[in-house]
Amino acid sequence: MLSFVLRNFTWAMLTFITRKLAWAIATLLVASLFIFAALEIIPGDPAEVMLGINATDEAVEALRKNLGLDLPVHERYWAWISGLLVGDLGTSYTYAVPVSELVSERIVVSLPLAFLALLLSTLVALPVGLYAAAKRGGVMDTTIMALTQFGIAIPNFWFALLLVYVFAIWLQLVPSGGFPGWGEGLWPALRALLLPAIALALPQAAILSRVTRSALLETMGEDYIRTARAKGLSRRATLWKHALRNALIPVITIMGLQFAYLLAGTIIIENVFYLPGLGRLVFQAISARDLIVVESVVILLVGTIILINLLVDIAYTLVDPRLRANRA
Amino acid sequence: MSLLDIENLSLSIGDTPILHDVSLTVGAGEIVGIVGESGSGKSMTALAAMQLLPEGSSTTGSISFQNQQVQGADDALMQDLRGDDMAMIFQEPMTALNPVQTIGDQVAEGMILHEGLSKADAEARAKTLLERVGLPSNRYPLSRYPHELSGGQRQRVMIAMACAQSPDLLIADEPTTALDVTLQAQILRLLRDLVAEQGMGLILISHDLAVVAEMTDQLVVMRHGRVVEAGPTGKTLKALAHPYTAQLAAASSHIPKRTKPPVLTSEQTVNPLVQVKNVSRHYSQRRQSFFHKSPPVKAVNDVSFDLFPAQSMGLVGESGCGKSTLARLVLALDAPTAGDIHLDGESLLTTPPAQMPALRRKMQIVFQDPFASFNPRHTMERAVAEPLYLEPNLSKADRRDRVVAALKEVGLTASALTKYPHEFSGGQRQRLAIARALITRPQLIVADEPVSALDVSIRAQVMDLFTHLRERLGLTYLFISHDLGVVRAMCDEVLVMDGGKIVERGPVDDIFDNPQSEAAQRLVEATPDLERALALRNDAA
Amino acid sequence: MSFLRTALKNRSFTIGFAITALVVAMAAISFVWTPYGVDDQRVMEVGLQKPSLTYWLGTDNLGRDLLSRIMVGARNSIAVALVAVIIGVGLGVPLGCWAASRGGLVDEALMRGNDVVFAFPALLSAVMITATFGPGAINAIIAIGIFNIPVFARLSRGAALALWKREFIMAARAAGKSAPRITVEHIIPNMSNLLIVQATIAFALGIIQEAGLAYVGLGTQPPFPSWGKMLNEAQTMMAFAPHLAIVPGLAIVITVLGLNLLGDGLRDVLDPKLANRRPAEGDA
């Protein structure tokens, strides 16, 4: 892989990636403005809103100071952003601990879960899509396509409930929820994430295998496939050597989009499995009106999505030489 | 013993019959041309020989290659033959190469597959081959990707790929149709040389009789999926025994009859209809690196010319020379970055928007592709009436009368009004496009390659129509084409463009008989000519 | 009606159309009739019951009839998803068309704006909105609708850019027509097939997203029945009353399946490649 990257490295590629990186940072800045502005437009004083109507004046004043509400808007935004850069997210008023501490405890559950789900869905979807495309129009293709149609229609959190019912309540094979923490060793932690990851991966795998199949079939109709066949390549060799890499371009696009859905799905599905991730944190924070926590979790997740999109853009340049070109 | 023997081949795709009892033979080292208009089945015949027909095809008859039956042969045998003993070059160089593989890998692939060469050996041979087809490795290294090459260069890569195993039979399906005449001449010369060097048999599929007359030993004329005539090329084209062959030959060198002299009277040359003065159109490019600002592309660079009423002016040049950009500027569909254009004495740049409709009424456009010229969702009444937007005060009845009149002008009836574009053939659509251009009673019509997408017989009719309309209505034409034959038949004068500049201007006959600029010489030399080709043949007697 | 006759030959379209019609009819009927009162709590008399002839889909722990609640819940799902699609189409399509017709800076700005919105999945927008304004069904609509905007903007921009290069657009420009007029007369009609298919898919996705938001308490609030909220309430009773979770879940699956099949069918029936196919005179 590394040698491939080095062999294909060009200055144009660096220019392309730098430009994308600059855009990613700009996007993140605009997104942070949105999130910050959302807090600004809260009707009434945020400190009062957060503490509720029964709060004492001293408590409200203390929180105002803590939130920096006595400062002008631009200074507060600057303080927030510069804090973000050094990992200082402020202090949670409900938990009375630094938000960065809370978030870092939780993110080690949510992110691994999202990545595990992405891995599972990719490992299932690519071979299935490839197989269906190779058997195009056959019984297996038709069956797979019908199954994926169901897969897309199943909400992941409902599928999660069913999994809990079957594996935890009925068969009693796994605990119905909770998370032992990574300190207990890799396997128990992964085991606790497995069912949620499967639940998250199923609908995504269904979509991804459909995309893989149609992308492959579309490339198989291209002129250069006929050229390869005219060269004497078998159908199979044509599929592997010529169609696959071209078909990867739309597949990567969909995988990038899916990650945003997976991250959102993770937040929801943590509730089904009682996983102590960012999702549970943010929902508790909403009911406790702990806006600093909400704000921090949202910017973190948005940042992750932007980062993944950047990686997708870089992946494009590896797959598609046209983006490495001087005209990039 | 012949190399390829097709006997009574019939083919249908789904329920649609495509070929009927096609028979042809190709001897070893022989060049056979297949000509025909679209729908004649010439490409399908070639694909059948390679057994690369689309899914859902059913065939009967026999195809034997080197005394082996390939009709219905299994994949294993065909994969041995394809690329090794028989190879094929396709029409569209832009899409026929894999965009994500280097040209080196694509040329070497067949050698590794068929000859079991190591990658290094295959690459060394690929290098020699690419050099042979005119892509020396110091300028075009093996690590190039297809998108870094032009259409002509890509077609050279295709040829290198096809000739890599010195096949006994090479099939070239319209290999130069997507290319300029100058590139066409180069590619054809390359093909002819390679075929001679390696002793290959060649099937050259083309719609262009002149190309076939220059290149081939044997000729097969096809129409509607049948072979209408076959024989030695020179003899067949001299004798023109079959009426269809004669019709093709007549249509491809058709010159519309003109009653008026091509020279303008001095009275006409006083007030030019169009005045193009020092016009440039530069496009800024996206920056390629942080360190250098990319220079602008000079699509049109300081161009000046006058166009007089009732004149028919040709505009020729290789693709990318800026002729289409210039046309868009003249039509005020794009603004020049420098210079000015006057139509009937009024500037296209400084005329206030309120007066623009009056100016636009005086000029209309006809495009190349009759299929893309119309919104597929509008009826022809609506489509043809579209330019009447420039005359907002017309009543509905007046509009319809104008549409019917315009249709009549191009030889169509009011029955076309309620139909949709897909209900018409290509030739009819081009007539409709002309009707749309005529509806505002313009003085100037800019025609951008208006006949190059049409089959020769239809092309002749549309050329007649243009000439007839010009004489009847006193129209002025700016006629863009890459086909010198068409320009010579249609125009009085011609502008030759090269690299965004006009390099030569003069009466058509002068320029085509005695070109001065290098660009014009290139074009004239490269243009295939049926009579010249036949005169050079020694088997024509 | 000739369109419907052609379309009904397509299996996906027929099944999808039938399912969608059924769900819509169910929602419509619920306005005038449900088997039982939707909020009739009869904890003592009825209580939790499995599906039976009296209560076709069973009852919940408060003795409320599930079928009635599913029927009324359909209204909620359809309304949220539909309004979200309307927001997406209503804002996304004009923006996409505008960017395509102007190009340059406008285009660049719009695409970058799209990137920003794409970084906010409906769930995160809903989190922000709920944290700011408190919970409610309208949050779900706005959150899903916002995410639909870049989806439709990107789709219509791409389609419009391709159309602007077509020669019939050039002819319209030569007729002096302005970009907005050309967009309305030529561009939008020629991408309507694409938009219809995407709208169907966005509708289906909206139903899943609404259920997810309601499930975590960011969407429709009780007592109004919503499929997602019903799933949330069922969670603690999974062990002894699985039907409480299975019934609303199946309602979602069937509705979404129907819409997806409808979308697939429409894509085949309306396929522009098939519709604009050149007559059989091209050299095949």
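Small disclaimer: the values here were computed from a predicted structure and weren't measured.

**Concerning the packing of helix α12 (residues 278–287) of chain A against helix α5 (residues 122–133) of chain C**
Then step 1. One way to put it is that α12 of chain A packs onto α5 of chain C with a least axis distance of 10 Å and a crossing angle of 20°. The angle between α12 of chain A and α5 of chain C places the two elements in the roughly parallel class. Seen from above, α12 of chain A lies across α5 of chain C with left-handed handedness. Of the residues in α5 of chain C, those touching α12 of chain A at Val282, Phe283 and Ile286 of chain A are Leu123, Val127 and Thr130 of chain C.

**Some remarks on unusual backbone geometry**
All names here are of chain B.
Then step 1. Unusually for a residue other than glycine, Asn67 sits at a positive phi of about 65°.
Then step 2. By relative accessible area, Asn67 is classed as exposed at 57%.
Then step 3. If you check the backbone angles, His224 has positive phi at about 50° while not being a glycine.
Then step 4. Tracing the chain through its elements places His224 in the loop between β9 (218–223) and β10 (226–232).

**Side note on helix α9 (residues 186–220) of chain A**
Then step 1. Along its 35 residues, α9 of chain A runs just 42 Å from first to last C-alpha, ending more than 12% under the 51 Å computed at 1.5 Å per residue.
Then step 2. Leu194 of chain A marks the point of greatest bend in α9 of chain A, at about 35°, and the proline Pro196 of chain A comes within the next four residues.

**As for empty space enclosed by the protein**
Summary: where empty space remains is shown by rolling a probe the size of a single water molecule over the atoms.
Then step 1. The final tally for this structure, using the stated rule, is six cavities of 30 Å³ or more.
Then step 2. Of the volumes computed, that of the largest cavity is approximately 70 Å³.
Then step 3. In this structure, the largest cavity is lined by Thr227, Ala230 and Lys231 of chain A together with Gly83, Ala87, Met88, Met158, Met161, Ala162 and Gln165 of chain B.
Then step 4. Secondary structure elements with two or more residues in the lining of the largest cavity: α10 (223–230) of chain A together with β6 (86–89) and α5 (151–163) of chain B.
Then step 5. Ranked by the residues each element gives to the lining of the largest cavity, the list is headed by α5 of chain B, at three residues.
Then step 6. The class makeup of the residues in the lining of the largest cavity is six nonpolar, three polar and one charged.
Then step 7. The computed volume of the second largest cavity comes to approximately 60 Å³.
Then step 8. Every residue lining the second largest cavity is listed: Val174, Pro175, Gly177, Gly178, Arg191, Ala192, Leu195, Pro196, Phe273 and Leu275 of chain A.
Then step 9. Tallying contributions element by element places α9 of chain A first for the lining of the second largest cavity, with four residues.
Then step 10. Within the lining of the second largest cavity, the residues separate by chemical class into seven nonpolar, two polar and one charged.

**So, the packing of α5 of chain B against helix α6 (residues 181–198) of chain B**
All names here are of chain B.
Then step 1. The contact between α5 and α6 brings their axes to 11 Å, and the two run at 15°. As far as their axial angle goes, α6 and α5 are roughly parallel. Viewed along their axes, α5 and α6 form a crossing whose handedness is right-handed. On the side of α5, the interface is formed by Gly152, Gln155, Arg156, Ile159 and Cys163, while α6 contributes Leu183, Gln186, Ile187, Leu190, Leu191, Leu194 and Gln198.

**A word on the sheet that holds strand β7 (residues 169–173) of chain B**
All names here are of chain B.
Then step 1. What the six strands build is an open sheet, ordered β6-β7-β8-β3-β9-β10; its pairing is mixed. Every interior strand has two partners, whereas the edge strands, β6 and β10, have only one. In this sheet, adjacent strand axes meet at a mean angle of 15° when their direction is disregarded.
Then step 2. By the bridge criterion, five bridges tie strand β3 (residues 31–35) to strand β8 (residues 201–206) in an arrangement that is parallel. Residue pairing for β8: Val35 is matched across the bridge by Ser206.
Then step 3. This element, helix α1 (residues 42–50), spans β3, β6, β7, β8 and β9 of the sheet and lies at about 145° to β6.

**Quick word on the confidence of the model for chain B**
Predicted coordinates in regions of low pLDDT should not be interpreted in detail.
Then step 1. Mean pLDDT over chain B: 90, with 96% of residues reaching 70 or higher.
Then step 2. Note on the complex model: pTM 0.87, ipTM 0.87.

**Let's talk about helix α7 (residues 139–153) of chain A**
Then step 1. In a regular helix each residue adds 1.5 Å, so 15 residues correspond to 21 Å; α7 of chain A covers 22 Å between its end C-alpha atoms and thus fits that length.
Then step 2. Those residues of α7 of chain A lying buried are Asp141, Ile144, Met145, Thr148, Gln149, Gly151, Ile152 and Ala153 of chain A.
Then step 3. Close packing links the buried residues of α7 of chain A with α6 (99–134) and α9 of chain A together with α8 (179–215) and α10 (243–270) of chain C.

What counts as what
Residues numbered from 1 in each chain as written. Chains lettered and ligands numbered in written order. Predicted model: local features only at pLDDT ≥ 70, side-chain atom pairs only at ≥ 80, totals over all residues. Heavy atoms only, no water. Axes fitted to C-alpha atoms, helices over the stretch in contact; angles between N-to-C directions. Helix = DSSP H or I, 4+ residues; strand = E, 2+ residues; numbered from the N terminus. Parallel < 35°, antiparallel > 145°, perpendicular 65-115°, else oblique. Left-handed = near helix turned anticlockwise from the far one by under 90°. Contact = heavy atoms within 4.5 Å. Buried < 20%, exposed > 50% of the residue type's maximum accessible area, 1.4 Å probe, protein only. Expected span 1.5 Å × (residues − 1). Bend = angle between axes of the 7 residues up to and from the residue. 1 Å grid on protein atoms, 1.4 Å probe; cavity = no way out; pocket = protein on both sides within 12 Å on 5 of 7 lines; lining within 4 Å. Points joined across faces, edges and corners; volume = space filled by probe spheres on them. Nonpolar A, V, L, I, M, F, W, Y, C, P; charged D, E, K, R; others polar. Pairing = 2+ DSSP bridges. pLDDT = per-residue confidence, 0-100.

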